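Fold and contact review
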Amino acid sequence: MAEAEFSATGVRIGRRLRSLTRGGQVVIQDGRLVLLTSRGREIDSAPVEDVHALTPRFAVRRRTLTRLNGTGYFLTLRKQGTASAGRFLDALRAARERVARR
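Let me begin by describing the structure that accompanies this report.

Each value, and the rule that gives it
- Residues numbered from 1 in each chain as written.
- Predicted model: local features only at pLDDT ≥ 70, side-chain atom pairs only at ≥ 80, totals over all residues.
- Heavy atoms only, no water.
- Helix = DSSP H or I, 4+ residues; strand = E, 2+ residues; numbered from the N terminus.
- Buried < 20%, exposed > 50% of the residue type's maximum accessible area, 1.4 Å probe, protein only.
- Contact = heavy atoms within 4.5 Å.
- Polar contact = N/O pair within 3.5 Å; in protein donor to acceptor, adjacent residues only side chain to side chain.
- Pairing = 2+ DSSP bridges.
- Axes fitted to C-alpha atoms, helices over the stretch in contact; angles between N-to-C directions.
- Patch = residues over 30% accessible without salt bridge, like charges linked within 9 Å, V, L, I, M, F, W, Y side chains within 5 Å.
- Areas by Shrake-Rupley, 256 points an atom, 1.4 Å probe, with all protein chains shown as cover.
- Salt bridge = Lys/Arg side-chain N within 4 Å of Asp/Glu carboxyl O.
- Lys, Arg positive; Asp, Glu negative; His and termini not counted.
- Charge placed at Lys NZ, Arg CZ, Asp CG, Glu CD.

1. Some thoughts on the environment of Leu-92
Structurally, the position occupied by Leu-92 is in helix α1 (residues 85–101). With a relative accessible area of 2%, Leu-92 lands in the buried category. Separated by 86 residues in the primary sequence, Leu-92 and Phe-6 place their C-alpha atoms 8.3 Å from one another.

2. Here we look at the environment of Thr-66
Checked against the element boundaries, Thr-66 lands in strand β6 (residues 63–68). Residues within four places of Thr-66 in sequence aside, it is in contact with Leu-33, Val-51, His-52, Ala-53, Thr-71, Gly-72, Tyr-73, Leu-75 and Phe-88. Within the local environment of Thr-66, its side chain forms a polar contact with the side chain of Thr-64, the two groups lying 3.3 Å apart.

3. A few points about the sheet that holds strand β5 (residues 52–54)
Pairing is antiparallel across the open sheet formed by seven strands, whose spatial order is β4-β3-β2-β1-β7-β6-β5. Since the sheet does not close on itself, it has two edges, and those belong to β4 (42–47) and β5, each with one partner. When the angles between neighbouring strand axes are averaged without regard to direction, this sheet yields 30 degrees. Sheet contacts for α1: β1 (6–15), β2 (18–29), β3 (32–36), β5, β6 and β7 (71–76); angle to β5, the most-contacted strand, approximately 150 degrees.

4. A closer look at a positive patch on the surface
Together, Arg-12, Arg-22, Arg-62 and Arg-63 make up a positively charged patch on the protein surface. Along the polypeptide, Arg-22 turns up in strand β2. You can call Arg-22 exposed: its relative accessible area is 63%.

5. A closer look at the side chain of Ser-45
Mapped onto the fold, Ser-45 is located in strand β4. Ser-45 sits in the buried class, given a relative accessible area of 12%. In this structure the side chain of Ser-45 is engaged in a polar contact, spanning 3.1 Å, whose partner is the side chain of Glu-42. Aside from chain neighbours lying at most four places away, what touches Ser-45 is Arg-32, Leu-33, Val-34, Leu-68 and Asn-69.

6. Structural notes on unusual backbone geometry
The general pattern is negative phi for most residues beyond glycine and trans for most peptide bonds. Within the chain, Arg-16 stands out as a residue other than glycine whose phi angle is a positive 55 degrees. Looking at the secondary structure, you find Arg-16 in the loop between β1 and β2. On the basis of relative accessible area, Arg-16 is assigned to the exposed category, the value being 75%.

Now the structure itself:
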């Protein structure tokens, strides 16, 4: 298994107004995006080609709206460290490009 292209821990993952986890993990690896709980249980995953992500215009900069398998999730990445919404979106874009070249 290859090393993760993007990994962020301490991510708050929510669906609508409900928080699924406050210390979750987001991983982009082998052409897939995986959302994990703080205990490592998979919440959802999808191929990067099928993931739609954006930063809402008036939202906090570290928050993204991500749609996997038709389900929308709010991801709030920690402010400190290298994990930010911009880096997540860049890593997702780069992973899509790599998969498209295969």
